[in-house]
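The chain contents come next:
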Amino acid sequence: MLHFAKFRKSYGSYLALAIEDLTILSGIYWIKGVNGSGKSTLLKTMAGILYFDGDISINKQISLKNQAIAYRQLVNFAEAEPIFPEFLTGKELVQVFAAAKNAPTGQEDYYIESMHLQPYLNQPVSTYSSGMLKKLSLVLAFMGKPRIILLDEPLITLDQAALNIFYKWIAREHQQNKTSFFISSHQALEPEALPTAKEILLQAQTLHFIS
Amino acid sequence: MLSPLSRTLIKIFAKGFYRVHAGLLLALFIIIFIYFLFINVLEQTRITPEERLMYNLSLVLAFITNPVVMAVVFILWLIYTVKSWQYVAGQLRLADQQFIFYSSTAMPQVHQFKSWFLVQAIILLPIISYGLFSLAIGIMFDYFVMPVIILLYILLLTVVSALVYIKWLNKLRETENQSYLLKIAARWRKPFFSLFIYHVFAKLKLAYGLTKILSGIAIAGLLHFFSDVKQDIRVAGIIVLTVITAHTILIYQEHRFKEIYMGFSRNLPYRRRKLLADYIFLFILLLLPESIWLLVHYKVLPATGLFLFGLSTALLFCSLLYWLGLNMRKYLRWVGGLFLLFLLLIMFGCLWFLVFLNLGVAFLLFYRNYYAYNPAVDT
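The structure displayed is predicted, hence computed values, not measured ones.

Structural notes on the overall build of chain A
Right, so step 1: When its secondary structure is counted, chain A shows six helices and ten strands.
Right, so step 2: In terms of overall dimensions, chain A is globule-like: its C-alpha atoms have a radius of gyration of 17 Å, near the 17 Å expected for 211 residues.
Right, so step 3: Dimensions of chain A along its principal axes, counting C-alpha atoms only, are 45 × 35 × 35 Å.
Right, so step 4: Considering chain A as a whole, with its 211 residues, one finds that 57% of them fall into the buried category.
Right, so step 5: Pairs at least 24 apart in sequence give 69% of the contacts found in chain A among residues at least 6 apart.
Right, so step 6: Roughly 8,800 Å² of accessible area belongs to chain A as shown, and the carbon and sulfur atoms make up 52% of that amount.
Right, so step 7: Charged side chains of chain A number 19 positive and 18 negative; the gap between the two group centres comes to 6 Å.

Encoded structure:
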């Protein structure tokens with residue numbers, strides 16, 4: 001499904017990641033790795049935010065570099081520490097993402113209601129706590145009809161109730177739309193909530209499949 | 001021996017201040033230096049070298065003898081000081097500087113005062129140097145009262161600044177009140193291209209105001225300077241070029257806004273031509289006052305051409321940042337170089353050619369670099 005071809009990401013002369021030729025099948029993946037192993041870098045390059053050499057494509061057909069728009073319609077991303085323009089309200093940010101990602105009308109309602117974001121939605125994000133901001137960034141990552149959702153440290157700052165809801169979102173989205181997830185986290189994902197999740201270890205500047 | 005707090009604060013605030021304002025301060029310094037040392041007074045053949053030195057020092061002498069000149073200089077120094085407050089306040093709002101609130105405030109306020117006093121003294125170094133220079137001149141020419149007032153005024157500025165910083169740091173923070181315009185616009189739909197305009201009203205009101213003042217001064221000053229040939233299209237071209245160059249900081253801030261607050265936007269499936277069209281809309285809005293002036297001052301056709309020249313130059317300055325990244329020094333060097341080059345090309349009658357050249361280069365730079373975001377380290 002997701003194909004890496006001659007992928008290399010460097011910071012100056014330092015080679016951070018190299019993946020020669022690899023296809024990752026559809027599924028839910030937990031990306032593990034020590035600090036500085038390149039988890040955020042991997043997700044940001046997959047999201048089309050950071051430059052890299054080589055290419056990443058979906059089914060070897062939709063290339064990040066050659067079909068930039070089509071690729072970005074199918075790949076969504078949530079940052080580890082989301083930063084948004086402080087003057088925008090949660091609702092306005094949802095509108096920006098919904099318009100950009102071509103989301104069906106009212107798609108956000110389910111996510112907003114289940115995460116109990118409704119009372120805060122008309123407030124500027126400058127008033128949000130870090131947990132609220134995280135919840136909002138996760139809602140934004142589900143907007144549109146993504147085939148792949150990349151989540152960088154989604155578990156941090158979420159309380160237990162929010163974590164349970166979040167796991168339900170992933171399971172639902174994967175079951176209903178076969179959406180793949182790449183989730184970087186230092187914490188283990190709940191095996192009961194996501195029993196099919198596989199593990200990828202980032203080590204020695206490349207990917208290693210554990211299970 | 002500097003305390004660890006002083007060292008840290010100097011590194012963050014004083015050095016940071018000079019990093020951001022280096023270009024402007026250097027330009028001012030060069031102007032003053034040239035004025036004092038190299039300006040030729042009229043009919044200099046009739047005057048002795050000593051008299052020439054006196055003429056050249058007349059501004060300093062006026063400063064220490066004439067209360068009106070001194071008042072004007074004092075107001076300028078006050079503006080400089082307020083500008084430094086604005087810089088420090090802006091830095092204190094950044095996430096990286098939040099540790100200062102829960103570390104330095106545990107110290108006795110006297111210690112905090114000493115550190116901030118030092119920081120402000122370094123920020124005011126250009127003013128202090130000028131003050132000391134006037135003091136030396138005052139002593140040479142037997143004027144003592146005014147130089148003492150000058151030194152006391154500088155001391156006052158430094159002390160008040162340090163106290164202001166301490167007050168900001170030690171008071172319990174309230175939630176920031178939203179800008180009035182943002183409250184009005186709360187119900188408006190905010191299209192992607194317009195977000196920077198709202199950011200201007202939320203965070204950059206002063207920068208916007210100063211840019212427009214600078215732009216107005218450029219228009220009035222250049223029209224006055226070229227009053228005998230003001231209908232010459234080349235003069236209009238130079239004015240528009242200067243006006244766009246005055247917007248450099250706003251253009252830089254736009255890019256900074258995109259990189260810092262809108263980091264997610266490269267993941268949004270927007271075509272590059274749409275993003276470029278967004279920039280055109282944005283500049284049309286930002287340059288609205290100048291466009292009105294163009295329409296009032298020139299006939300429709302030249303006014304449109306001049307506006308297109310301004311727009312293409314703004315687009316070029318904006319696209320440059322996608323190539324250079326958020327490197328202010330490099331960026332200002334490029335803008336300065338292009339300003340001089342365009343000035344020459346306009347003088348040689350290449351104004352309309354520049355419209356196409358700028359648009360073409362802007363498009364190429366943007367198209368090639370938009371997805372090539374490659375910072376030295378992952379932010």
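What to know about the packing of helix α10 (residues 205-225) of chain B against helix α14 (residues 288-297) of chain B
Residues and elements named next belong to chain B.
Right, so step 1: Axis separation between α10 and α14 bottoms out at 11 Å; the angle between their running directions is 20 degrees. Classified by the angle between their axes, α10 and α14 sit roughly parallel to one another. The crossing of α10 and α14 is right-handed. Between α10 and α14, the residues in contact are Y208, K212, S215, I219 and L223 and P289, E290, W293 and H297, respectively.
Right, so step 2: Taken together, the residues of the contact of α10 with α14 break down into five nonpolar, two polar and two charged.

Quick look at helix α6 (residues 160-177) of chain A
All names here are of chain A.
Right, so step 1: Given a rise of 1.5 Å per residue, 18 residues ought to cover 26 Å, and the 26 Å separating the end C-alpha atoms of α6 matches this to within 8%.
Right, so step 2: Burial in α6 covers these residues: A162, L163, I165, F166, Y167, W169, I170, E173 and H174.
Right, so step 3: Contact partners of the buried residues in α6: β3 (28-32), α4 (107-114), α5 (130-141), β7 (148-152) and β8 (180-184).
Right, so step 4: Two residues or fewer after α6 comes K178, characterised by a positive phi angle close to 55 degrees.

So, the sheet that holds strand β5 (residues 62-63) of chain A
All names here are of chain A.
Right, so step 1: In space, the four strands of this open sheet follow the order β2-β1-β4-β5, with antiparallel pairing throughout. Each edge of the open sheet is held by one strand with a lone partner, namely β2 (14-24) and β5.
Right, so step 2: Relative to β2, strand β1 (residues 2-11) runs antiparallel, the two sharing nine bridges. Bridge pairing links A5 to D21 in β2.

Some thoughts on the packing of aromatic side chains
Right, so step 1: Going through the model one piece at a time under the given rule, you end up with 42 aromatic pairs over all chains.
Right, so step 2: Each ring, one from Y111(A) and one from F142(A), has its centre 5.2 Å from the other, and the planes form 40 degrees; the classification is tilted. Of the two residues, Y111(A) sits in helix α4 while F142(A) sits in the loop between α5 and β7, which places them 31 residues apart along the sequence.
Right, so step 3: By relative accessible area, F142(A) is classed as buried at 0%.
Right, so step 4: Taking the centre distance of 5.2 Å and the plane angle of 90 degrees together, the rings of F225(B) and F226(B) count as edge-to-face.
Right, so step 5: The ring of Y270(B) has K274(B) lying over it, and the distance from NZ or CZ to the ring centre is 4.8 Å.

Things to note about the layout of surface pockets
Right, so step 1: Volume-wise, the second largest pocket comes out at about 340 Å³.
Right, so step 2: Along the wall of the second largest pocket there are 16 residues; nearest its centre are T89(A), E92(A), N122(A), A186(B) and R187(B).
Right, so step 3: For the lining of the second largest pocket, the leading source of residues is helix α3 (residues 90-100) of chain A, giving three residues.

Focus on the interface of chain A and chain B
Right, so step 1: Of the residues lining the interface, 34 residues belong to chain A; the matching set on chain B comes to 35 residues.
Right, so step 2: When chain A packs against chain B, the two sides together hide about 2,900 Å² of surface, and 62% of this comes from carbon and sulfur.
Right, so step 3: Sorting the residues of chain A by area buried against chain B places I49(A), I69(A) and F87(A) first, and these three jointly supply 23% of that buried surface.
Right, so step 4: Remark: the boundary between chain A and chain B carries two salt bridges.
Right, so step 5: One salt bridge in this structure joins E86(A) and K203(B), with 2.9 Å as the shortest N-O distance.
Right, so step 6: Linking chain A with chain B are six residue pairs in polar contact (both at pLDDT 80 or more).
Right, so step 7: Secondary structure elements with two or more residues in the side of chain A that touches chain B: β1, α1 (39-46), α2 (68-74), β6 (75-78) and α3 of chain A.
Right, so step 8: Here the element with the most residues in the side of chain A that touches chain B is α3(A); it accounts for six residues.
Right, so step 9: Of the residues contributing to the side of chain A that touches chain B, the split by class is 19 nonpolar, nine polar and six charged.

Considering the confidence of the model for chain B
Right, so step 1: Residues at a pLDDT of 70 or more form 89% of chain B, whose mean pLDDT is 86.
Right, so step 2: Here the predicted complex carries an ipTM of 0.78, next to a pTM of 0.72.

Overview of the sheet that holds strand β9 (residues 198-203) of chain A
Residue and element names in this part refer to chain A.
Right, so step 1: With respect to topology, six strands assemble into an open sheet ordered β6-β7-β8-β3-β9-β10, the strand pairing being mixed. The sheet is open, and its two borders are formed by β6 and β10 (206-209), each paired with just one other strand. Averaged over all adjacent pairs, the angle separating strand axes in this sheet is 20 degrees, with direction ignored.
Right, so step 2: Relative to β10, β9 runs antiparallel, the two sharing four bridges.

Topic: the pattern of salt bridges
Right, so step 1: Summed over all chains, the structure comprises eight salt bridges over all chains.
Right, so step 2: As a salt-bridge pair, E199(A) and K32(A) come within 3.0 Å of each other at their nearest N and O atoms. Of this pair, E199(A) sits in strand β9 while K32(A) is found in strand β3, placing the two residues 167 residues apart along the sequence.
Right, so step 3: Residue E259(B) pairs with R266(B) through a salt bridge whose shortest N-O separation is 3.1 Å. Across the pair, R266(B) and E259(B) agree in class, each one buried.

Re empty space enclosed by the protein
In this approach a probe as big as a water molecule rolls over the atoms, and the regions it shows empty are the leftover space.
Right, so step 1: Summed over the entire model, instances satisfying the criterion amount to six cavities of 30 Å³ or more.
Right, so step 2: Lining the largest cavity are 14 residues; nearest its centre among them are V240(B), V243(B), I244(B), E290(B) and L294(B).
Right, so step 3: If you list the elements that add at least two residues to the lining of the largest cavity, you get α11 (233-246), α14 and α15 (300-324) of chain B.
Right, so step 4: A breakdown of the residues in the lining of the largest cavity according to their chemical character gives eleven nonpolar, two polar and one charged.
Right, so step 5: When its volume is computed, the second largest cavity comes out at roughly 60 Å³.
Right, so step 6: F77(A), A78(A), E79(A), P82(A), F84(A), F97(A), S137(A), L140(A) and F264(B) together form the lining of the second largest cavity.
Right, so step 7: Split by residue class, the lining of the second largest cavity holds seven nonpolar, one polar and one charged.

Section: the domain arrangement of chain B
Residues and elements named next belong to chain B.
Right, so step 1: Domain boundaries in chain B define domain 1 (4-177) and domain 2 (192-378).
Right, so step 2: Contact residues are listed per partner, giving six residues for domain 1 and five residues for domain 2.
Right, so step 3: Taken together, the links from domain 1 to domain 2 amount to zero salt bridges.
Right, so step 4: Counting the contacts that link domain 1 with domain 2 gives zero residue pairs in polar contact (both at pLDDT 80 or more).
Right, so step 5: Top element by residues in the side of domain 1 that touches domain 2 is helix α4 (residues 67-93). It accounts for three residues.

Here is what the cut-offs are and how they apply
- Residues numbered from 1 in each chain as written.
- Chains lettered and ligands numbered in written order.
- Predicted model: local features only at pLDDT ≥ 70, side-chain atom pairs only at ≥ 80, totals over all residues.
- Heavy atoms only, no water.
- Helix = DSSP H or I, 4+ residues; strand = E, 2+ residues; numbered from the N terminus.
- Rg over C-alpha atoms; globule rule 2.2 N^0.38 Å.
- Buried < 20%, exposed > 50% of the residue type's maximum accessible area, 1.4 Å probe, protein only.
- Contact = heavy atoms within 4.5 Å.
- Areas by Shrake-Rupley, 256 points an atom, 1.4 Å probe, with all protein chains shown as cover.
- Lys, Arg positive; Asp, Glu negative; His and termini not counted.
- Charge placed at Lys NZ, Arg CZ, Asp CG, Glu CD.
- Axes fitted to C-alpha atoms, helices over the stretch in contact; angles between N-to-C directions.
- Parallel < 35°, antiparallel > 145°, perpendicular 65-115°, else oblique.
- Left-handed = near helix turned anticlockwise from the far one by under 90°.
- Nonpolar A, V, L, I, M, F, W, Y, C, P; charged D, E, K, R; others polar.
- Expected span 1.5 Å × (residues − 1).
- Pairing = 2+ DSSP bridges.
- Phe/Tyr/Trp six-rings, centres within 6.5 Å; stacked < 30°, edge-to-face > 60°.
- Lys NZ or Arg CZ within 6 Å of the ring centre and 35° of its normal.
- 1 Å grid on protein atoms, 1.4 Å probe; cavity = no way out; pocket = protein on both sides within 12 Å on 5 of 7 lines; lining within 4 Å.
- Points joined across faces, edges and corners; volume = space filled by probe spheres on them.
- Buried area = accessible area lost by both parts, 1.4 Å probe.
- Salt bridge = Lys/Arg side-chain N within 4 Å of Asp/Glu carboxyl O.
- Polar contact = N/O pair within 3.5 Å; in protein donor to acceptor, adjacent residues only side chain to side chain.
- pLDDT = per-residue confidence, 0-100.
- Domains from an automatic or database assignment.

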